[in-house]
Amino acid sequence: MKTGLSFLLLLFCANIVIGQSNFYHTDTIQEIRITFYESNWDELLDALYVAGDEDRLTCDVEINGVLLDSVGIRYKGFSSVSTDRTKNPFNIKLDHVHGNQDYQGHVKIKLSNVIQDPSFLREVMSYEIGRKYMPASMANFARVYINNVYWGLYTNVEDVNDPFLVDHYGESHGSFFKCNPDDLDFDGENSNLGNSYGTDSTDYYPYYNLKSEYGWEDLYELIDVLNEDPNNIEALLNVDRTLWMHAFNYCLINFDSYVGYAQNYYIYKQNNGQFNPILWDLNMSFGSFRLADASEFWDGFTIAEAKVMDPLLHLNSVSVYERPLMRNLFENSTYRRMYLAHMRTIMDENIASGEYQTRAQFLHDLIDASVQQDTNKFYSYSDFQNNLNSTVSDLMDYPGLTDLMEARNTYLSSYTGFAGEPTLSNVSYAPQNITLGETVTITIDATDEQEVFLAYRYGANDVFTTISMLDDGSQNDGTSGDGTYGRTLTNIGNTIQYYIYAQNDSAGVFSPQRAAYEFYELQSQINPGDLVLNELMANNENTALDQAGESDDWIEIYNTTQYEISTSGLYLTDDMTNLDKWAMPNTVIPADGYMIVWADEDGEQGDDHANFKVSSTNGEFVGMYYGDETLIDTASFGTQEVDVAYGRIPNVTGPGINREPTFNGNHECTTV
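Scoring rules and cut-offs
Residues numbered from 1 in each chain as written. Predicted model: local features only at pLDDT ≥ 70, side-chain atom pairs only at ≥ 80, totals over all residues. Heavy atoms only, no water. 1 Å grid on protein atoms, 1.4 Å probe; cavity = no way out; pocket = protein on both sides within 12 Å on 5 of 7 lines; lining within 4 Å. Points joined across faces, edges and corners; volume = space filled by probe spheres on them. Nonpolar A, V, L, I, M, F, W, Y, C, P; charged D, E, K, R; others polar. Helix = DSSP H or I, 4+ residues; strand = E, 2+ residues; numbered from the N terminus. Expected span 1.5 Å × (residues − 1). Buried < 20%, exposed > 50% of the residue type's maximum accessible area, 1.4 Å probe, protein only. Contact = heavy atoms within 4.5 Å. Phe/Tyr/Trp six-rings, centres within 6.5 Å; stacked < 30°, edge-to-face > 60°. Lys NZ or Arg CZ within 6 Å of the ring centre and 35° of its normal. Polar contact = N/O pair within 3.5 Å; in protein donor to acceptor, adjacent residues only side chain to side chain. pLDDT = per-residue confidence, 0-100. Patch = residues over 30% accessible without salt bridge, like charges linked within 9 Å, V, L, I, M, F, W, Y side chains within 5 Å. Areas by Shrake-Rupley, 256 points an atom, 1.4 Å probe, with all protein chains shown as cover. Salt bridge = Lys/Arg side-chain N within 4 Å of Asp/Glu carboxyl O. Lys, Arg positive; Asp, Glu negative; His and termini not counted. Charge placed at Lys NZ, Arg CZ, Asp CG, Glu CD. Pairing = 2+ DSSP bridges. Axes fitted to C-alpha atoms, helices over the stretch in contact; angles between N-to-C directions. Core = buried A, V, L, I, M, F, W, Y, C linked by side-chain atoms within 4.5 Å.

1. Topic: empty space enclosed by the protein
Here is step 1 of the chain: In this structure the tally under the stated criterion is one cavity of 30 Å³ or more.
Here is step 2 of the chain: When grouped by side-chain class, the residues that make up the lining of the largest cavity number six nonpolar, four polar and no charged.

2. Things to note about the layout of surface pockets
Here is step 1 of the chain: Roughly 1200 Å³ of volume is contained in the second largest pocket.
Here is step 2 of the chain: Lining the second largest pocket we find 50 residues, and of these Gln270, Asn272, Arg457, Ala460 and Asp462 sit closest to its centre.
Here is step 3 of the chain: Of the residues assigned to the lining of the second largest pocket, the class counts are 22 nonpolar, 19 polar and nine charged.

3. Structural notes on helix α6 (residues 239-251)
Here is step 1 of the chain: Under the 1.5 Å per step criterion, the end-to-end length of α6 is 18 Å for 13 residues, consistent within 8% with the ideal 18 Å.
Here is step 2 of the chain: The buried fraction of α6 is high, at 13 of 13 residues.
Here is step 3 of the chain: Phi turns positive, to about 50°, at Ile253, one or two residues after α6.

4. Section: the environment of Ile496
Here is step 1 of the chain: Summarising the element assignment, Ile496 is placed in strand β19 (residues 495-503).
Here is step 2 of the chain: When the C-alpha atoms of Ile496 and Tyr456 are compared, they prove to be 6.7 Å apart, with 40 residues separating the residues in sequence.
Here is step 3 of the chain: When residues no more than four places from it in sequence are discounted, the contact partners of Ile496 are Ile434, Val440, Tyr456, Arg457, Tyr458, Tyr520, Glu521 and Leu522.

5. Remarks on the packing of aromatic side chains
Here is step 1 of the chain: Summed over all chains, the structure comprises 42 aromatic pairs.
Here is step 2 of the chain: Between Tyr258 and Tyr265 the ring centres are 5.7 Å apart and the planes differ by 80°, which places this aromatic pair in the edge-to-face class. Here Tyr258 matches Tyr265 in class, with each residue buried.
Here is step 3 of the chain: When the ring of Phe464 is compared with that of Tyr499, the centres are 5.1 Å apart and the planes differ by 70°; the resulting orientation is edge-to-face. With Phe464 in the loop between β16 (451-457) and β17 (465-468) and Tyr499 in strand β19, the pair connects residues that are 35 residues apart, well separated along the chain.
Here is step 4 of the chain: With a relative accessible area of 17%, Phe464 lands in the buried category.
Here is step 5 of the chain: Feature note: the residues Phe453, Phe464, Tyr499, Tyr501, Phe510 and Phe519 constitute an aromatic cluster, connected by ring pairs.
Here is step 6 of the chain: Stacked on the ring of Tyr145, the Lys or Arg Arg33 has its end atom at 3.8 Å from the ring centre.

6. Focus on the side chain of Ser524
Here is step 1 of the chain: Counting through the fold element by element, Ser524 comes out in the loop between β21 (520-523) and β22 (531-537).
Here is step 2 of the chain: Among the residues examined, Ser524 registers a relative accessible area of 13% and is labelled buried.
Here is step 3 of the chain: For Ser524, the side chain forms a polar contact with the main-chain oxygen of Ile434, separated by 3.4 Å.
Here is step 4 of the chain: Excluding its chain neighbours within four sequence positions, the residues that come into contact with Ser524 are Ile434, Thr435, Leu436, Asn494 and Tyr626.

7. A look at the confidence of the model for the protein
Here is step 1 of the chain: Model confidence for the protein is summarised by a mean pLDDT of 93, while 95% of its residues fall at 70 or above.
Here is step 2 of the chain: Low pLDDT, under 50, characterises residues 1-20; the stretch is placed with 14 contacts to residues that sit more than four places away or in other chains.

8. Observations regarding a negative patch on the surface
Here is step 1 of the chain: On the surface, Glu221, Asp224, Glu228 and Asp229 cluster together to form a negatively charged patch.
Here is step 2 of the chain: Residue placement: Glu221 occurs in helix α5 (residues 216-228).

9. Details of the side chain of Lys87
Here is step 1 of the chain: In this fold, Lys87 is placed in the loop between β3 (66-75) and β4 (90-93).
Here is step 2 of the chain: A polar side-chain atom of Lys87 sits 2.7 Å from the main-chain carbonyl oxygen of Leu153.
Here is step 3 of the chain: The residues touching Lys87, leaving out its near neighbours within four places in the chain, are Asn113, Phe120, Trp151, Gly152, Leu153, Tyr154, Asp374, Asn376, Lys377 and Phe378.

10. Side note on the sheet that holds strand β10 (residues 265-269)
Here is step 1 of the chain: Taken together, the four strands give an open sheet; going across it, the order is β9-β8-β10-β11, and neighbouring strands pair in antiparallel fashion. Every interior strand has two partners, whereas the edge strands, β9 (209-210) and β11 (275-279), have only one.
Here is step 2 of the chain: Two strands pair when backbone bridges link them, and strand β8 (residues 176-178) and β9 are joined in this way by two bridges, in the antiparallel orientation. Paired with Phe177 across the strands is Leu210, a residue of β9.
Here is step 3 of the chain: Of the strands in this sheet, β8, β10 and β11 touch helix α4 (residues 162-169), which is tilted by about 115° from β11.
Here is step 4 of the chain: The sheet strands contacting α6 are β10 and β11, and the helix crosses β11 at an angle near 20°.

11. Notes on the nonpolar core
Here is step 1 of the chain: Core analysis: the biggest nonpolar cluster contains 105 residues, and Leu121, Leu193, Tyr208, Ile267, Tyr339, Met343 and Ile367 have the highest contact counts within it.
Here is step 2 of the chain: With residues up to four places along the chain from it excluded, the contact list for Tyr339 reads Leu243, His246, Ala247, Tyr250, Pro311, Leu312 and Phe330.
Here is step 3 of the chain: With 28 residues, the next largest nonpolar core counts Tyr24, Phe36, Ile92 and Val144 among its residues.

12. Regarding the pairing of strand β20 (residues 508-511)
Here is step 1 of the chain: Side chains Gly508 and Phe510 project from β20 onto one buried face, and the interleaved Val509 and Ser511 project onto a second face that is buried too.
Here is step 2 of the chain: Inspection of the sheet shows β19 paired to β20 by four bridges, in the antiparallel sense. In the sheet register, Tyr501 faces β20, and the bridge partner there is Phe510.
Here is step 3 of the chain: Linkage of β19 to β20, two consecutive antiparallel strands, is achieved through a turn of four residues.

13. A few points about unusual backbone geometry
Here is step 1 of the chain: Here the amide bond leading from Ser511 into Pro512 is cis, since omega sits at -5°, within 30 degrees of zero.
Here is step 2 of the chain: Looking at where Pro512 falls in the secondary structure, it is placed in the loop between β20 and β21.
Here is step 3 of the chain: We note that Asn148 has phi near 70°; this positive angle belongs to a residue other than glycine.
Here is step 4 of the chain: With respect to the secondary-structure elements, Asn148 resides in the loop between β6 (139-146) and β7 (149-157).
Here is step 5 of the chain: By relative accessible area, Asn148 is classed as exposed at 62%.
Here is step 6 of the chain: Despite not being glycine, Glu601 shows a phi value in the positive range, around 60°.
Here is step 7 of the chain: Topologically, Glu601 is positioned in the loop between β28 (594-599) and β29 (609-610).
Here is step 8 of the chain: Accessibility expressed as a relative area gives 51% for Glu601, which makes it exposed.

14. Re a nonpolar patch on the surface
Here is step 1 of the chain: Residues Trp298, Val318 and Val320 make up a contiguous nonpolar surface patch of roughly 260 Å² in combined accessible area.
Here is step 2 of the chain: Inspection of the secondary structure assignment puts Val318 in the loop between α8 (313-316) and α9 (324-330).
Here is step 3 of the chain: You can call Val318 partly exposed: its relative accessible area is 44%.

15. Topic: the environment of Asn540
Here is step 1 of the chain: Positionally, Asn540 belongs in the loop between β22 and β23 (553-559).
Here is step 2 of the chain: In this structure Asn540 comes out as buried when scored by relative accessible area, which is 6%.
Here is step 3 of the chain: Spatially, the C-alpha atom of Asn540 lies 59 Å from that of Asn316, the residues being 224 residues apart in sequence.
Here is step 4 of the chain: If sequence neighbours within four positions are ignored, Asn540 has contacts with Ser551, Asp552, Trp554, Trp598 and Asp643.
Here is step 5 of the chain: A polar contact is formed between the side chain of Asn540 and the backbone nitrogen of Thr543, at a distance of 3.1 Å.
Here is step 6 of the chain: A polar side-chain atom of Asn540 sits 2.8 Å from the main-chain carbonyl oxygen of Asp552.

Quick look at the structure:
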C-alpha cells in the first residue's frame, strides 16, 4: 500500500503530465509563471486599464515548465478588474511578439480571478455542464505565479476565437460578434438583439463588438427578422441552440447573461446562414448574480426567489427591459415545450442524478490546498469550504451550490411542462444498409403523444429539416394507430444525421435527449465516380483566395450525381503509401455541386484545409479513398505554371489537361 506522501507525489506528477498534454483538462491544475521585466508592472498594467485601450505589457510566461518569451499581457474583463485589487484577471497573448508562438495550439490565455464566487467552482462546473449540450469553452484551474511569488488560484477559460470556431463549426470566417455593450446600461436593453436602437446597422455599433472582418448587415438582418417576423427566424438563427442557452441559464440561475443585462454571450453565423449563440463568462452562475432578470425582478431578487424563478417569466409576465430572443421564441408553443424539455434534460442528467454534487466535491478537493495557500483570494478559506453547501455572506449573499440546486430541482420538477411528456422508444430504420439516392424509413414507438417530428440533415454543414412522422400505415410504420410512427425519406444522401421530437398538450421530449447537439447517424459509402477530382491548381497566385485572403493550392471536387453527398469517411492524399493522410470533414456537396479543398497544410483555418500541399514543379498525385482503401477517384499531373489549372475536359468526364482555371464552376474552355 502506498504511503500518503507517495500517493500525493504520484497524483501531483500525474496532474502535471496530463496538464502538459491538454491545457484545459478539467481534472488538472495548470501552472503558469509570469515574469515581468519591470518592477512596477502592476502600476503599468493599471495605467493601461485606466487608459481603456488594449495595449499590452511584454513579459515572459512559463506554462507547465514550457518557457515562452515576449508575450503580451493586460487585464481582462470589466467588473472583475480594479486598480485597488491585488488579484486581477489576465488576458495573455502568446504570439504578441513572436507570430508563431503558442502553447499546444493556443495563442490566447484567459485567466479569471474568481471574484463573486467563494466556492471557486461556479465557472469550471458551469462550462462542464454546458459542454454536454452546446459548443462551450473548456475551463479548469491554474496556479499563477508572478515573479516567482504564488499569486493565487485562477480559472483558466478557453477563449472564444477563431480556433474555437474551427473546432466546433469547422470554419471561422462568418459574421462573429461578442454581445457586450461599450457602456453597460443597468436600466437599458444593452445587447438584447432588440430593434429599438434604429433602422440602420450603424445604430448598433455601441452595443455589439464585431470580431470578424464584416457582419453588421448580417446582424441587423437577424435583429430585424427576430423582432418583426419571428415566425421565419429559423432561416437566420439556430433556434434549438438558442433554446439550450436559455435552458442552461435558467436551470443554473446564470443571469449575468442574456437574461439579466443582455450581455456576456457571442453569436457566430455559419455558412449555412444561421447564427449560433455561444456561452461566455460563467463566474456568477449558480445564483451569484441576482441584480436583475429584466422582468418582475428587474431590480434584483433574493436566494429564495432564485430557487423558484419562473423559467417563462418573460412570457407569463412582463419584460421591463425587452428580451426578444426569449419572448419571441417562447410565444411559439412548440419552441416553448422544446425549451422546457431541454431544461428537464439538464436537471435530470446533472442535478437530480447527483452528478453535479459528485463533480463539485471532486473539484473542491482538487483545489483545496491551492485555495488555502491563495493569500490574495477575495474570501476566507472557511467561506470556500462552506459555499459548496451553504450560503456565504459578504458584500452580498452567495448561495450554497447544493442548497440552491436541490431547491431548484424540487421546484422545476413540478413546473408545468416538465412532467407529462410522451415516451419514446425503439428507434429503428430500414433497410439496414442505406444506399445513396435510395429510400430509408425511420420509425419510433411513442405513447402519450399528439405529434411526432423527424429532423434530419445530410451533413454537419447542413441545416436540419423538420417533417412530421405518421402513424397511419403509409410510412412503413405498421398498422394505423399502433403507436409506431414512421417517415420514409427518398433520394437520400450517403450520410443521414437525425433526431426525433414528440409533444402533447403538456410537454415535449427528444430522442436522443441531447438533440440537436447529439443525434443518430446513418452512413454508407458512395461509388467510384460519384465524386471526382475535377480540377486542381498547384501554383495559385491570382486565381482565387481562401477565406483568409491567401493564394493557396486548391482541389475542386464535383458531385456527379443527382443527390446530396457527404464527404464523411473519405480521405484525400498525395501519398500512395498513406491513403488516409487527410480525413475529409462531414461536408455536404449538393447534387451537381462543387467543393473546394485548400491544400495548404493549415487546418487551423477550417475543416476545408488539407494537411498537405501539391507540387507545381515535379507534378503530383492526388487520390480520394475510403479508410478501407476503396478508391473513389485519382488525378495525376505534371509541372504546373502560375495560375494554370489541371482539369477535366469536357467537364467531369474528360481526361485531365492543363487549362485555364474555372474555380468552383463548370469548365468547357480551351487548353493553354
